[in-house]
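Below are the chains, spelled out letter by letter.
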Amino acid sequence: MKIAFIINPEAGNGKSVKKWRAFEKTIHFPYEKTVTRYPGHAIEIAESYRRRKEEWLLIGFGGDGTLREIIAGAAGSGQLIIGFIAAGSGNDFARGFQVFRNADEIVGFLNDPKFRKEDLGEFSNGQSFRFVSSSGIGFDAEISVLVNRSPMKKWLNTIRLGKLVYLIYVIKTLIRFDKFRLIVEESGTTSCYNDVWFATVNNQPYFGGGMKISPQSKTNDGLLELTVVHQISRLKLLFVFGTVFTGKHTRFKEVIQFSGNAFRLNTEKEVFRHVDGDFAGKTPKDNFVTYSISRQHWNSANTE
Ligand SMILES: Nc1ncnc2c1ncn2[C@@H]1O[C@H](COP(=O)(O)OP(=O)(O)OP(=O)(O)O)[C@@H](O)[C@H]1O
């Protein structure tokens with residue numbers, strides 16, 4: 001099996017390059033490497049390996065967005081196995097899937113290559129979107145959009161205060177956020193929720209950089225989980241967020257969870273949306289969008 005690294009130099013607020021330079025020195029096996037040059041480039045790179053019709057271990061070196069792109073380009077291929085080295089800011093992927101921690105673990109994998117067939121979430125709304133870990137609409141998506149667009153982000157990163165920008169936008173969004181009405185159709189049942197803060201569809205338990213929002217999610221069970229948080233005061237929302245790290249939030253009546261292989265979601269107005277933490281446009285006004293498991297699976301490297 002041949003090995004290729006796909007490195008996102010922008011991941012981890014630009015720290016991934018330094019991490020890669022240190023990591024590269026520890027590799028003692030032949031490999032190819034490509035550095036991504038623009039958003040979406042990792043999809044094209046994975047597709048190019050797919051066309052080579054050989055067995056490749058593609059190792060993403062970046063964060064959740066990089067991995068989503070690699071997997072979107074590799075899904076459905078029997079010859080590509082995907083591994084990951086966490087070099088992003090949130091790295092939820094690394095919490096939900098097995099990852100390589102060092103070059104020795106890659107060697108261990110090559111000596112005894114095992115992989116697992118994993119689910120991939122998808123939805124289509126004019127354009128097709130795929131997600132590996134989660135896709136959300138509402139409060140958390142709006143924060144990630146504002147943070148990524150913020151001119152403050154680059155400046156605060158240079159003085160090593162990058163995380164402060166999140167705190168600023170959490171507070172700003174908490175004050176200003178315009179809650180929405182959500183209709184959920186699942187297995188022939190329709191439910192309507194008012195004053196929704198956010199809804200998130202998960203393929204694995206974590207989102208938002210380590211919050212265990214969907215404790216029951218499994219990456220290869222053919223199911224997605226939907227979490228809806230609604231009719232909750234700002235103060236209690238903050239409290240509930242505090243309990244998400246341990247998964248105890250599911251006890252609150254304002255937190256609703258579903259499990260199924262497909263959900264149809266409708267918002268009464270346009271609401272910000274993300275896939276694996278990256279901007280994915282807005283929900284259409286009063287139109288259903290179906291979230292489901294793709295018929296195309298992908299293979300994750302089993303590191304144990
Ligand atoms: N050369 C590049 N210039 C600008 N953006 C890039 C480049 N290469 C990749 N990207 C984009 O960077 C985005 C963010 O990368 P990624 O999500 O891997 O890192 P992160 O945001 O630091 O980590 P996490 O999502 O785990 O918090 C990806 O969605 C990808 O499309």
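Residues numbered from 1 in each chain as written. Predicted model: local features only at pLDDT ≥ 70, side-chain atom pairs only at ≥ 80, totals over all residues. Heavy atoms only, no water.

In the annotation of an unreviewed UniProt entry, the entry for the protein chain reads Diacylglycerol kinase family lipid kinase, and the organism field reads Planococcus salinus. We quote the UniProt Cofactor (unreviewed entry) comment for the protein chain here in full: "Mg(2+)". Annotation of the protein chain in UniProt includes, under Sequence similarities (unreviewed entry), the sentence "Belongs to the diacylglycerol/lipid kinase family." (UniProt positions renumbered as here; feature names shortened; annotations may be inferred.)

Draft legend 1. Region of interest: the nonpolar core. Counting residues in hydrophobic clusters, the biggest one holds 43 residues, and the most contacted among them are Phe139, Leu182, Leu226 and Leu265. Sorting elements by how many residues they give to this core places strand 10 (residues 189–202) first, with 6 residues. When neighbours within four sequence positions are excluded, Leu265 is seen to be in contact with Ile137, Leu182, Ile183, Val184, Val201, Leu226, Asn287, Phe288, Val289 and Tyr291. One finds Ala46, Leu58, Leu67 and Ala74 within the second-largest nonpolar core, a separate group that totals 23 residues. (Core = buried A, V, L, I, M, F, W, Y, C linked by side-chain atoms within 4.5 Å. Buried < 20%, exposed > 50% of the residue type's maximum accessible area, 1.4 Å probe, protein only. Helix = DSSP H or I, 4+ residues; strand = E, 2+ residues; numbered from the N terminus. Contact = heavy atoms within 4.5 Å.)

Draft legend 2. Seen up close, the pattern of salt bridges. Scanning all chains against the criterion turns up 15 salt bridges. Here Lys2 ties to Glu54 by a salt bridge, and the two come within 2.9 Å at their closest N and O atoms. Of this pair, Lys2 sits in strand 1 (residues 2–7) while Glu54 sits in the loop between helix 2 (41–51) and strand 3 (56–62), and the two are 52 residues apart along the sequence. Under the relative-accessibility criterion, Glu54 is labelled partly exposed at 29%. Salt-bridge contacts for Asp178 lead to Lys269; the nearest nitrogen and oxygen are separated by 3.0 Å. Linking Asp178 in the loop between helix 8 (162–176) and strand 9 (180–186) with Lys269 in the loop between strand 13 (262–267) and strand 14 (272–275), this pair joins segments that are 91 residues apart in sequence. The network of salt bridges with shared partners includes Lys2, Glu32, Arg52 and Glu54. (Salt bridge = Lys/Arg side-chain N within 4 Å of Asp/Glu carboxyl O.)

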